[in-house]
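Chain by chain, the residues run as shown.
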Amino acid sequence: MGRGRIGVENLHQYKERVIDPISKSYCAAKWYNATIWLGHGQTTSCHHPPGHWIPLEELEDNPSAIHNTPHKKKMRKMMQEGERPSECEYCWKVEDMGKNNISDRVFKTEIFSDKDIQTTVDMPWDDNVNLKTLEISFDRACNFKCSYCGPAFSTAWVKDINDYGGYQNIQSDGRGHHQDTAPWAESVTKKQEDNPYIQAFHKWWESDLADCLEEIRITGGEPIMHKGTWKLFDWFRDNPDRGRDMRFAINSNLCPDTPKVLDRLVKESWHIPKLSIYTSMEATGVQGEYIRDGLDYDLWMSNIHRVLKEAKIDRLFMMMTINSLCLDSITEFMDEMLDLREEYGKRAPVMTLNILRFPSFQSAAILPEEIKSHYKKKIDKWIKSERPQAMLDEGEKESVIRLVDYLDIVKTPHKNTAETPKLYNDFKTFFAQYDIRRGKDFVSTFPGPLADWFTSLEAEVPSEKDILSKRIELVSVDRDGDPASMEAYDGGDDAHELVGDKRYGPVGGWDTEKDALGGVNVDE
């Protein structure tokens, strides 16, 4: 049995041949893929659903429980039976835009063999399964504090909140994201070697995980700041007879605080049989630096060239987080990626476009229609032009076309998104405070439609004096329960979703009665 598409088979034909006969909601990632935050003990099956807590009591007898949780097993049962888990709203929203769109569950399934996929069909839903692809984070240490990120994933963000207090007057569903230091995301132990989740990972790794994984990917925070990442580099160097077919990948901003760290990455890359690097960007120059605070764009691009020239890597991937601000220079950025493709050929970055939904007020979906139309036309003109048509692969083209459709059709990022006035309030008050805290200027950075709209918005913003004098009190946000939902997908909020698949009724979204990042209760 093969893997992925056969011959000239396209993504739609693959879906019809492999996925649809299993069920209308099947995704192999629920069995074979995981993201695991070992520092504080959460996991999820891909980057779209919120993380859920790993039951600590199961780890001693079953280290694979860092992946095979009761929650995931319930989701597998639902997918075997053709029921849509609500936590997978991202894919349902894309698929039900009415244009035969390919969602991420197709991309996340086709990477596995037909034989492994059939195994998930035949096995009981509550069986344990060995992963094929794994993304892990050892802790949240990071030297960037990107606008849409937060303390849950960045110690630089933690410092921002400690220095200036929580962001004020955030009213929508993402307000807990920027109000405290996310203490729930702190490592459960001071020393990494004492962490029970990390201990379980190493126990599972040595017993059989290292011999069945097709890919392990280290995320963060910033992985090259974590000693756990370098420990895995050492493992590959010291175990030349194991993991030879495994792809080893890291997510990295490629902007370490000192050049020595990049030197080490280049040197250690030569001990890895199959190394891939995933880096992130979606806008050029000062706009990229605004969105990804801490970034030096020229240094980042210089490091891209160095990695492509000096490191031993199989592929470099460019993860683009599609937010409202990147739309202004996204086509220029993709042109720069095509420049790299002309210089380095197949070694140049492969682009993936991931549409941001959270925090809602930074989503492209909430922009005024005339601004979305402006950028939709710009991106549509670009993707239809000769150069991208000749140089992009099918998946990249599909992703750009999907973004054009998203800007045309989708009105809200997810179910229970706050009403528009609150989202506009939060856009204004957040970025006004962001400018003061970070020494930035929204209007001069995004001249044109975004700056004009930003200037027209009204919101209550703390004074520069109050922010910089650190007069804003640091609050603690109450958290209760698990952020992940175990419910079925139950109904939509966008007008276009009201004509969804008759089998499921109206198409809905991610239920954010609890904040997806850590179970923050959202009380009106």
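Residues numbered from 1 in each chain as written. Predicted model: local features only at pLDDT ≥ 70, side-chain atom pairs only at ≥ 80, totals over all residues. Heavy atoms only, no water.

Some thoughts on the packing of helix 10 (residues 259-268) against helix 12 (residues 297-310)
Across the interface, helix 10 lies against helix 12 with an axial gap of 10 Å and an inter-helix angle of 25°. It follows from the interaxial angle that helix 10 and helix 12 lie roughly parallel. Crossing angle aside, the handedness with which helix 10 passes helix 12 is right-handed. When helix 10 is examined against helix 12, the residues L262, D263 and V266 are found in contact with a partner set consisting of N303, R306, V307 and E310. Per-class residue counts for the contact of helix 10 with helix 12 are three nonpolar, one polar and three charged. (Axes fitted to C-alpha atoms, helices over the stretch in contact; angles between N-to-C directions. Helix = DSSP H or I, 4+ residues; strand = E, 2+ residues; numbered from the N terminus. Parallel < 35°, antiparallel > 145°, perpendicular 65-115°, else oblique. Left-handed = near helix turned anticlockwise from the far one by under 90°. Contact = heavy atoms within 4.5 Å. Nonpolar A, V, L, I, M, F, W, Y, C, P; charged D, E, K, R; others polar.)

Quick notes on the environment of R387
Here R387 lies in helix 15 (residues 386-391). The contacts of R387, once residues within four sequence positions are left out, are D335, L338, D339 and E342. Among the polar contacts listed, one links the side chain of R387 to the backbone oxygen of D335, at a separation of 3.4 Å. Engagement of the side chain of R387 in a polar contact is seen with the side chain of E342, the distance being 3.4 Å. (Polar contact = N/O pair within 3.5 Å; in protein donor to acceptor, adjacent residues only side chain to side chain.)

Examining the nonpolar core
Ranked by internal contacts, the top residues of the largest apolar core, which has 136 residues, are L134, I136, W205, I216, F248 and W300. Among the elements that take part in this core, helix 8 (residues 196-212) stands out by supplying nine residues, more than any other. If sequence neighbours within four positions are ignored, F248 has contacts with I216, I218, T229, L232, F233, F236, I272, K274, L275 and S276. Core analysis: the next-biggest nonpolar cluster, separate from the first, contains five residues, A249, Y278, F317 and M319 among them. (Core = buried A, V, L, I, M, F, W, Y, C linked by side-chain atoms within 4.5 Å. Buried < 20%, exposed > 50% of the residue type's maximum accessible area, 1.4 Å probe, protein only.)

Topic: the packing of aromatic side chains
Two numbers describe a pair of aromatic rings. These are the distance of the centres and the angle of the planes. Per the counting criterion, the structure on display carries 32 aromatic pairs. Measuring from ring centre to ring centre gives 5.9 Å for Y290 and F442, while their planes differ by 85°; the resulting arrangement is edge-to-face. Of the two residues, Y290 is situated in helix 11 (residues 285-291) and F442 in helix 18 (residues 442-445); the sequence distance between them amounts to 152 residues. You'll find Y290 and F442 in the same group, each marked buried. In this structure, R264 is placed above the aromatic ring of W230, and the distance from its NZ or CZ to the ring centre is 4.2 Å. The aromatic ring of F454 is capped on one face by K428, whose charged end is 4.6 Å from the ring centroid. (Phe/Tyr/Trp six-rings, centres within 6.5 Å; stacked < 30°, edge-to-face > 60°. Lys NZ or Arg CZ within 6 Å of the ring centre and 35° of its normal.)

Thoughts on the side chain of S172
Locating S172 in the fold gives a position in the loop between helix 7 (155-164) and helix 8. With a relative accessible area of 1%, S172 lands in the buried category. For S172, the contacting residues outside a window of four places in its chain are F361, A418, L423 and D426.

Quick look at the confidence of the model for the protein
Of all residues in the protein, 88% have pLDDT values of 70 or greater, and the mean over the chain is 88. A low-confidence stretch, residues 491-524 (pLDDT under 50), is modelled with 108 contacts involving residues beyond four sequence positions or located in other chains. (pLDDT = per-residue confidence, 0-100.)

Here's the deal with the packing of helix 8 against helix 9 (residues 227-238)
Between helix 8 and helix 9, the shortest axis-to-axis distance is 14 Å and the interhelical angle comes to 35°. Crossing of helix 8 against helix 9: the hand is right-handed. Between helix 8 and helix 9, the contacting residues are H202, W205, E206 and A210 on the first element and K231, L232 and W235 on the second. For the contact of helix 8 with helix 9, the class distribution of residues is four nonpolar, one polar and two charged.

Structural notes on the side chain of E398
With respect to the secondary-structure elements, E398 resides in helix 16 (residues 394-409). Comment: no salt bridge for buried E398; closest opposite-charge side chain is R402, at 7.4 Å. Discounting chain neighbours no more than four positions away, the residues touching E398 are L11, H12 and I102. (Lys, Arg positive; Asp, Glu negative; His and termini not counted. Salt bridge = Lys/Arg side-chain N within 4 Å of Asp/Glu carboxyl O.)

Some thoughts on the environment of L457
Inspection of the secondary structure puts L457 in the loop between helix 19 (449-456) and helix 20 (464-468). For L457, a relative accessible area of 11% corresponds to the buried category. Taking the C-alpha atoms as reference points, L457 and Y424, separated by 33 residues in sequence, lie 7.1 Å from one another. Residues within four places of L457 in sequence aside, it is in contact with Y424, F427 and K428.

Some points on unusual backbone geometry
With an omega dihedral of 0°, the bond running from G220 to G221 counts as a cis peptide bond. By secondary structure assignment, the location of G221 is in the loop between strand 5 (215-219) and helix 9. In the segment running from F358 into P359, the intervening peptide bond is cis, with an omega of 0°. You can see P359 is positioned in the loop between strand 9 (350-355) and helix 14 (369-383). A positive phi angle, close to 55°, is found at L254, a residue other than glycine. Locating L254 in the fold gives a position in the loop between strand 6 (247-251) and helix 10.

Focus on the pairing of strand 1 (residues 33-37)
Of all five residues that make up strand 1, five are buried, and the element is covered over most of its length. Relative to strand 4 (residues 133-137), strand 1 runs parallel, the two sharing five bridges. Each residue of the ladder has a partner; that of I36, found in strand 4, is I136. Here strand 1 runs beside strand 2 (residues 42-44); their pairing, made up of three bridges, is antiparallel. If you follow I36 over to strand 2, its bridge partner there is T43. Linkage of strand 1 to strand 2, two consecutive antiparallel strands, is achieved through a turn of four residues, within which G41 is found at a positive phi near 90°. (Pairing = 2+ DSSP bridges.)

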